[in-house]
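Observations on the model geometry
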Amino acid sequence: MQLKLVPGNSAGTVTAYYLSSQGPTHDEIDFEFLGNLSGDPYTLHTNVFSQGKGNREQQFHLWFDPTADFHTYSILWNPQRIIFYVDGTPIREYKNALFMPYPKNQPMRIYSSLWNADDWATRGGLVKTDWSQAPFSASYRNFNANTCIPNSPSSNSCNYNSTSSNSDTSSSWLNEELDNTSQERLKWVQKNYMVYNYCTDSKRFPQGFGRLCSEQLSIYTLKSITQR
């Protein structure tokens, strides 16, 4: 999906583009763009839910102004990994480790929204929405998907489909992974633009972070920032 975000004073607003199933034990993969005061950077908030449980947030600032033009935000979701991309650059990879929850058993739909979240979105809720700046508008265009459509709600088999006649409708994405160049780009983003990582937030998770976080921290040199 290509998005152009709310310009100017967007504090308190959240522009969202995400995958989700339904129900109390839903799965979800989130792009959420947290607005800010004029001149301050947007925060790109990512999260992965499995069986109704999230708390796997990573947040980034972007290396461009996301309100000035359209940029492409993509999600690869296959049985092995979830990868978040910005303009083709990977910013986050969440792997399917057998010892960790992973969204794999529930079909998900695409959703988009623009909503008021001034209780938490901007500086933890310290900056409220300035309704004198309304209406707030974000723009979406050029949605495209290569997908596996379940044959029935309970079926593990599916038909492959694409929303674009120009797109590759094969199932090659089912085994897609990052090559060496993409892995270096991922490290670059995480080192220079990550501003929050749940794997380093010892105040929020005093009991520890689990094996998946340990593996991630052994691969990437990450900023240890615990202020949401």
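Source: prediction; values computed, not measured.

A short note on the overall build of the chain
In terms of helices and strands, the chain carries two helices and 13 strands. The buried share of the chain, reckoned over its 228 residues, is 45%. Considering only contacts in the chain between residues 6 or more positions apart, those separated by 24 or more positions represent 60%. Accessible area of the chain: about 11,900 Å², with a carbon and sulfur share of 47%.

Quick word on the sheet that holds strand 4 (residues 43-49)
Taken together, the six strands give an open sheet; going across it, the order is 9-2-3-4-5-13, and neighbouring strands pair in antiparallel fashion. The open sheet has two edge strands, strand 9 (109-116) and strand 13 (194-197), and neither has a second partner. Within this sheet the neighbouring strands show an average axis-to-axis angle of 15 degrees, counted without direction.

Observations regarding the pattern of salt bridges
In total, this model carries four salt bridges according to the counting rule given. For R81, the salt bridge identified is with E93, shortest N-O distance 2.9 Å. Note that R81 is positioned in strand 7 (residues 81-86) and E93 in strand 8 (residues 89-95), a separation of twelve residues in sequence. Of the two residues examined, R81 and E93, each falls in the buried class.

Description of the packing of aromatic side chains
Taken as a whole, this structure holds 15 aromatic pairs when the rule is applied. Aromatic pair W63 and F64: ring centres 5.6 Å apart, planes at 90 degrees, arrangement edge-to-face. Looking at F64, the relative accessible area reads 17%, which means it is buried. Here the aromatic rings of W63 and Y193 are separated by 5.4 Å at their centres, their planes lie at 55 degrees, and the arrangement is tilted.

Thoughts on unusual backbone geometry
With glycine set apart, most residues show a phi of negative sign, and most peptide bonds adopt trans. Residue P135 is reached from A134 by a cis peptide bond, and omega for that bond is 5 degrees. Examined against the element boundaries, P135 turns out to sit in the loop between strand 9 and strand 10 (139-141). Unusually for a residue other than glycine, R123 sits at a positive phi of about 55 degrees. Its location among the elements puts R123 in the loop between strand 9 and strand 10. When its relative accessible area of 56% is taken as the criterion, R123 is described as exposed.

With respect to the confidence of the model for the chain
Overall, the prediction assigns the chain a mean pLDDT of 88, with 87% of residues at 70 or greater. For the stretch residues 218-228, pLDDT sits under 50, and the model shows 31 contacts to residues farther than four places along the chain or on other chains.

Things to note about the nonpolar core
Formed by 31 residues in total, the largest nonpolar core has its most connected members in F31, F33, L44, Y73 and I91. At the level of elements, strand 2 (13-20), strand 3 (28-34), strand 4, strand 7, strand 8 and strand 13 are the ones that each hand at least two residues to this core. With six residues, the next largest nonpolar core counts L76, I83, W173 and L186 among its residues.

Here we look at helix 1 (residues 180-192)
Taking 1.5 Å of rise per residue, the 13 residues of helix 1 would be expected to cover 18 Å, and the 19 Å separating its terminal C-alpha atoms lies within 8% of that figure. The backbone nitrogen of T181 has a side-chain oxygen 3.3 Å away, supplied by the residue at the start of helix 1, namely D179.

So, the environment of I75
Assignment of secondary structure puts I75 in strand 6 (residues 71-77). If we ignore the near neighbours within four places in the chain, the residues touching I75 are L19, I29, F31, I82, I83 and F84.

Let's talk about the environment of K4
With respect to the secondary-structure elements, K4 resides in strand 1 (residues 2-4). Sequence-wise, K4 and A138 are 134 residues apart; in three dimensions their C-alpha atoms are separated by 5.8 Å. In contact with K4, other than residues within four places in its own chain, are P66, T67, A68, D69, F70, A138 and S139.

Structural notes on the side chain of T67
Along the chain, T67 turns up in the loop between strand 5 (58-60) and strand 6. In this structure the side chain of T67 is engaged in a polar contact, spanning 2.7 Å, whose partner is the side chain of D65. Non-local contacts of T67, meaning those with residues more than four positions away in its chain, are made with K4, L5, V6, P7 and Y42.

Conventions used here
- Residues numbered from 1 in each chain as written.
- Predicted model: local features only at pLDDT ≥ 70, side-chain atom pairs only at ≥ 80, totals over all residues.
- Heavy atoms only, no water.
- Helix = DSSP H or I, 4+ residues; strand = E, 2+ residues; numbered from the N terminus.
- Buried < 20%, exposed > 50% of the residue type's maximum accessible area, 1.4 Å probe, protein only.
- Contact = heavy atoms within 4.5 Å.
- Areas by Shrake-Rupley, 256 points an atom, 1.4 Å probe, with all protein chains shown as cover.
- Pairing = 2+ DSSP bridges.
- Axes fitted to C-alpha atoms, helices over the stretch in contact; angles between N-to-C directions.
- Salt bridge = Lys/Arg side-chain N within 4 Å of Asp/Glu carboxyl O.
- Phe/Tyr/Trp six-rings, centres within 6.5 Å; stacked < 30°, edge-to-face > 60°.
- pLDDT = per-residue confidence, 0-100.
- Core = buried A, V, L, I, M, F, W, Y, C linked by side-chain atoms within 4.5 Å.
- Expected span 1.5 Å × (residues − 1).
- Polar contact = N/O pair within 3.5 Å; in protein donor to acceptor, adjacent residues only side chain to side chain.

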